[in-house]
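Per-entry structural report
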Amino acid sequence: MVFNRHGNDPVIRKVDRTKDDVLETASKFGVNLVRFLYTDFCSMVRGKSSSLPRLKDRIDTGIGLVKGQLAMNSLDKPQSDTGLGAVGEVRMVPDLSTFTVLPYVSNTGLMLCDLIELDQQPWKLCPRSLLKQQIEEADKMGFSIQAAFEPEFMMGTKDFDGRFVHLDSSVCFGTDGHNRANKFVSKLVDYLHRQRLHVEQYYPELGHGQHEVSISHAPALTACDQYIIFRETLRGLAMEQDMLVTCAPKPFEDQPGNGCHIHLSVWDQYGERNLLWSDKGLSEFGKHFVAGIVAHLPGLAAMLAPSVNSYRRLQPKSWASAFTCWGYENREAAVRIPSLYWGHEMASSNIEVKCVDSTMNPYLALASLIACGLDGVRKKVVPPEPVAGDPADLTDDECAKHGVQRLPHSLHKALVELEADRFLMSTLGEELSNAYIIVKSSEVQAFALDNEFELAHHRMRY
Ligand code: GLU
Ligand code: MG
């Protein structure tokens, strides 16, 4: 999956675009509106558009955003306890390298933005800026990080009452599913390619109407940007074709969940040597990196599986991973070490974090994972023994030996774990962690009483 310059695949790099280049491309493609977008704590992608004639100035000045927007939960209810409200502004400042012309709507482009204070410093609550900080930390230690996202989603058509009818009832990887979804998926791949996203693999998954597209690895920030562009494209295309699509972790109680596994590899500064690889399996360095992640999994859950709906998915024996452990080729372990590609052993060495779903903010998720991995490397943490079977079948003694614990059962528990994890709390910083916990706790409350409401809300929003 994760190839680099030693593999056959093209290496995906950040495209360096100049302002003139963006303006020229925008007019060449007849763009008259460019969306300035950010992703909030609940992974809602939001923003405002600049008209083409104003774009030249707005690229420099950004577009204003009231700080209270980051206090919104996915029900669009602002949480005033965060101290964020109607007063105070930041600017959405675009990263020109993310500019794309949108294939699923007319005359429109997008750019992904950092949230910058009026004194031109990154806002402490900006998720994208937090990831940049962690990438810088890695760089200072002499490492570069590649990442890839594997979103699963469910597709459907609408019945007379607008309800979701699963697109297919194909078996897992079944050709019926390939055929049934072909029209939609081939257009999706085309739309993604037009926006410079490379699709690695596609297949129908286990659930009815469930499909998976994996996007090729890229440097950490680009990988997150591309994942957001993927989700925007998926939803945009579904709307264009009057179909329904959902990436919610568990949109239907009687169907498997939708994960969004994250693959990571750590390279030397030049991207020449994959530090996770050794000819005996995961390198010592890799073991420290994995150990750092595994040690923090209970608190990490609040960033990787951050919705009430996430915990319907994170159940034992569903390949979603419900336990704090790691293992070679183990799809029930929260951290899986996948098998390597013949002839590309070094290049394809990577780790897969499975307890992740598409309700995450990818920038916060990746920033937290990188911070924990680097902490493991810094402190040379030794991981527990890898788990070879299904962790749900281990005895209590075996669990103790492998350091296996059940991941939090609910978002509430995950937030309690996060609050108790001093390392993660300081990685996020006081302002961000405080606001994050308040916003997420408001969702715990909002969905506490009505299961149907919770399922329908997540199905629709994600
Ligand atoms: N659908 C499973 C999940 O919720 C993953 C199945 C697989 O691709 O291993 O993560
Ligand atoms: Mg899958």
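Everything numeric in this text was worked out from a predicted model, so none of it was measured.

**Description of the pattern of salt bridges**
- A full pass over the atoms with the stated rule returns 25 salt bridges.
- The salt bridge involving E284 is made with K287; its shortest N-O contact spans 3.8 Å. Of this pair, E284 and K287 both sit in helix α6 (residues 284-295), 3 residues apart, which is roughly one turn of the helix.
- Note on E284: relative accessible area 52%, which makes it exposed.

**Examining the coordination of the magnesium ion (ligand 2)**
- Binding of the magnesium ion (ligand 2) to the protein goes through E152 (OE), E205 (OE) and E212 (OE), at separations of 2.0 to 2.1 Å.
- For the magnesium ion (ligand 2), all donor residues lie on one chain, and their spacing in sequence is E-x52-E-x6-E.
- In this structure E205 comes out as buried when scored by relative accessible area, which is 14%.
- With relative accessibility at 2%, the residue E212 sits in the buried group.

**Remarks on the layout of surface pockets**
- Approximately 780 Å³ is the volume attributed to the largest pocket.
- Residue assignment for the lining of the largest pocket shows that the elements contributing at least two residues are β7 (143-158), β9 (199-204), β10 (210-215) and β13 (260-268).
- Ranked by the residues each element gives to the lining of the largest pocket, the list is headed by β10, at 3 residues.
- Grouping the amino acids of the lining of the largest pocket by side-chain chemistry returns 11 nonpolar, 11 polar and 10 charged.

**Let's talk about the site of ligand 1**
- What surrounds ligand 1 is the set E152, E205, E212, G257, G259, H261, R313, W319, A320, R331 and K354.
- Residue H261 places a side-chain N or O atom 2.8 Å away from an oxygen atom belonging to ligand 1.
- Between ligand 1 and R313, the relevant distance is 2.7 Å, taken from an oxygen atom to a side-chain nitrogen or oxygen of the residue.
- In isolation ligand 1 exposes 300 Å². Once the protein is present, 92% of that is buried.
- Of all the cavities here, the one that holds ligand 1 is the largest pocket.
- Residue composition of the shell around ligand 1, grouped by class: 2 nonpolar, 3 polar and 6 charged.

**As for the packing of aromatic side chains**
- The tally for this structure, following the rule as stated, stands at 8 aromatic pairs.
- Judged by centre distance (5.0 Å) and plane angle (70°), the ring pair of F143 and F285 falls under edge-to-face. Here F143, found in strand β7, pairs with F285, found in helix α6; they are 142 residues apart in sequence, far enough to count as distant.
- Owing to a relative accessible area of 17%, F285 belongs among the buried residues under this scheme.
- With a centroid separation of 6.2 Å and 50° between ring planes, the pair formed by F153 and F230 is classed as tilted. Taken as a pair, F153 in strand β7 and F230 in helix α5 (residues 220-240) lie far apart in primary sequence, 77 residues in all.
- By relative accessible area, F230 is classed as buried at 0%.
- Lying over the aromatic face of F323, R406 brings its terminal NZ or CZ to 5.9 Å of the ring centre.

**A word on empty space enclosed by the protein**
- A full pass over the atoms with the stated rule returns 2 cavities of 30 Å³ or more.
- The volume enclosed by the largest cavity comes to roughly 70 Å³.
- Broken down by secondary-structure element, the contributors of at least two residues to the lining of the largest cavity are β1 (33-39), β6 (108-116) and α3 (127-140).
- Taken together, the residues of the lining of the largest cavity sort by class into 8 nonpolar, 1 polar and 1 charged.
- Its boundaries defined by the atoms lining it, the second largest cavity holds a volume of some 40 Å³.
- What lines the second largest cavity is A147, A148, F149, I215, S216, A223, Q226 and Y227.
- Within the residue set of the lining of the second largest cavity, elements represented by two or more residues are β7 and α5.
- In terms of residue class, the lining of the second largest cavity is built from 6 nonpolar, 2 polar and no charged.

**A word on helix α1 (residues 19-28)**
- Among the residues making up α1, those that are buried are V22, L23, T25 and A26. In an axial view of α1, the angular spread of the buried residues amounts to 165°, which keeps them on one side of the axis. Set apart from the buried face of α1 by more than 90 degrees, the exposed residues are D20, E24 and K28.
- Buried residues along α1 sit in contact with α2 (52-61) and β6.
- Where α1 ends, the next residue or the one after it, G30, has phi of about 70°, a positive value.

**Re the packing of α5 against helix α10 (residues 362-378)**
- α10 packs onto α5 with a crossing angle of 150° between their chain directions and a minimal axis gap of 9 Å. Relative to α10, the element α5 lies roughly antiparallel. Crossing of α5 over α10 shows right-handed handedness. Within the contact between the two elements, α5 uses A220, L221, C224, D225, Y227 and I228 and α10 uses P362, Y363, L366 and I370.
- Tallied by class, residues from the contact of α5 with α10 come to 9 nonpolar, no polar and 1 charged.

**Observations regarding the confidence of the model for the chain**
- Summary statistics for the chain give a mean pLDDT of 94 and a share of 97% for residues scoring 70 or more.
- Throughout residues 1-11 the model reports pLDDT below 50, and contacts reaching past four residues in sequence, or to other chains, amount to 41 contacts.

Scoring rules and cut-offs
Residues numbered from 1 in each chain as written. Chains lettered and ligands numbered in written order. Predicted model: local features only at pLDDT ≥ 70, side-chain atom pairs only at ≥ 80, totals over all residues. Heavy atoms only, no water. Salt bridge = Lys/Arg side-chain N within 4 Å of Asp/Glu carboxyl O. Helix = DSSP H or I, 4+ residues; strand = E, 2+ residues; numbered from the N terminus. Buried < 20%, exposed > 50% of the residue type's maximum accessible area, 1.4 Å probe, protein only. Donors = N, O, S within 2.8 Å, 3.2 Å for Na, K, Ca; no water. 1 Å grid on protein atoms, 1.4 Å probe; cavity = no way out; pocket = protein on both sides within 12 Å on 5 of 7 lines; lining within 4 Å. Points joined across faces, edges and corners; volume = space filled by probe spheres on them. Nonpolar A, V, L, I, M, F, W, Y, C, P; charged D, E, K, R; others polar. Near = heavy atom within 4 Å. Polar contact = N/O pair within 3.5 Å; in protein donor to acceptor, adjacent residues only side chain to side chain. Areas by Shrake-Rupley, 256 points an atom, 1.4 Å probe, with all protein chains shown as cover. Sits in = over half its atoms within 2 Å of the grid points. Phe/Tyr/Trp six-rings, centres within 6.5 Å; stacked < 30°, edge-to-face > 60°. Lys NZ or Arg CZ within 6 Å of the ring centre and 35° of its normal. Arc of directions from axis to C-beta. Contact = heavy atoms within 4.5 Å. Axes fitted to C-alpha atoms, helices over the stretch in contact; angles between N-to-C directions. Parallel < 35°, antiparallel > 145°, perpendicular 65-115°, else oblique. Left-handed = near helix turned anticlockwise from the far one by under 90°. pLDDT = per-residue confidence, 0-100.

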